[in-house]
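# Understanding the architecture of this molecule
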Amino acid sequence: MENAVRRTYRHIEVRPIAGALGAEIHGVEIARPLDGAVVSEIRQAFLDHLVLFFRNQTLTPQEQLAFAQRFGQPMEYPQLKGLPECPLITPVIKREHERVNFGGVWHSDTTYLERPPMASMLYAVEIPPYGGDTLFANQYLAYETLSEGLKKTLAGLVGINSSTKADASKTREDRLRDTGAELKVLVGEHPVVRTHPETGRKALYVNGGHTTQFKGWTERESRPLLDDLFEHQVRPEFTCRFRWEPGSLAFWDNRCTQHNPVNDYHGFRRVMHRVTLAGETPY
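Procedures and definitions
Residues numbered from 1 in each chain as written. Predicted model: local features only at pLDDT ≥ 70, side-chain atom pairs only at ≥ 80, totals over all residues. Heavy atoms only, no water. Helix = DSSP H or I, 4+ residues; strand = E, 2+ residues; numbered from the N terminus. Buried < 20%, exposed > 50% of the residue type's maximum accessible area, 1.4 Å probe, protein only. Contact = heavy atoms within 4.5 Å. Areas by Shrake-Rupley, 256 points an atom, 1.4 Å probe, with all protein chains shown as cover. Lys, Arg positive; Asp, Glu negative; His and termini not counted. Charge placed at Lys NZ, Arg CZ, Asp CG, Glu CD. Pairing = 2+ DSSP bridges. Axes fitted to C-alpha atoms, helices over the stretch in contact; angles between N-to-C directions.

So, on to the overall build of the protein chain. Assigned secondary structure in the protein chain consists of eight helices and 16 strands. By its C-alpha atoms, the protein chain is 50 × 50 × 30 Å across when sized along the principal axes. Of all 283 residues assigned to the protein chain, the portion counted as buried reaches 56%. Put simply, of all contacts in the protein chain between residues at least 6 apart along the chain, 83% involve residues at least 24 apart. In the structure as shown, the protein chain presents an accessible area of about 12,500 Å², 49% of it carried by carbon and sulfur atoms. If you average the places of the 34 positive and of the 35 negative side-chain charges in the protein chain, the two averages end up 1 Å apart.

Backbone hydrogen bonds are what pair the strands of a sheet, in a parallel or an antiparallel way. What the three strands build is an open sheet, ordered β13-β7-β15; its pairing is antiparallel. Each of the sheet's edge strands pairs with one partner strand only, and the pair in question is β13 (239-242) and β15 (257-261). Ignoring strand direction, the axes of neighbouring strands in this sheet form an average angle of 20°. Examined bridge by bridge, strand β7 (residues 134-138) and β13 share four bridges and lie antiparallel to one another. Directly across from phenylalanine 136, in β13, lies its bridge partner cysteine 240.

Below, the structure is given as structure tokens:
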């Protein structure tokens, strides 16, 4: 992060929020058309800080989608339907009576796809009076702080990722029930250590939400090493925590981060709008 913090930006203000990752971007009204130079600096800050936060934004679904399109190709989320008026915007809702929140475990988005998303953007429409923060973790640091011996062990391994791993799939049951949809069984195989296509840095690419085992290993054989990696990946010094306000937007790099929406606001409603940007096959 040292070089990222010292970088000079001409068109935006970048305020890091933690040592590991995360920065608030100021001086940008993202509902308006943005100059190419501004978009370029936001993209650089995204690569530098892994997750960006914009506050006090007023966005229609169409405006959020237009902003997302400056950085990638929006794609449909594989498990849920989008808004009727804007199908590429997925509502992420927890209602007052619900006890389980959507995606409420540490995970990288939809790693069970052959081409997992490059990034996601989440916009706060309605938030609880307290709670509902989101944690993010830097997977570059998770990899770089491993021992050389463990790096060598992981170098040739492939992770099996499933959409039906219990801890993650149970967090989607309420939304699937609402729409009458069934949980799709999807499986993706990806390198345990992936190389970021834009920065060239290596990141640990397994996650507790979706990774079930190593290819060629049984689940039982995989479990001790995977559990150790899952714990290591989210050490406090690798993380940042974002407190949402109405009109906040988070934009995170799915290729080198994990996130965990904290489920500590029972009895309150939370409504978010999400855009997912298509990615490439990990290598």
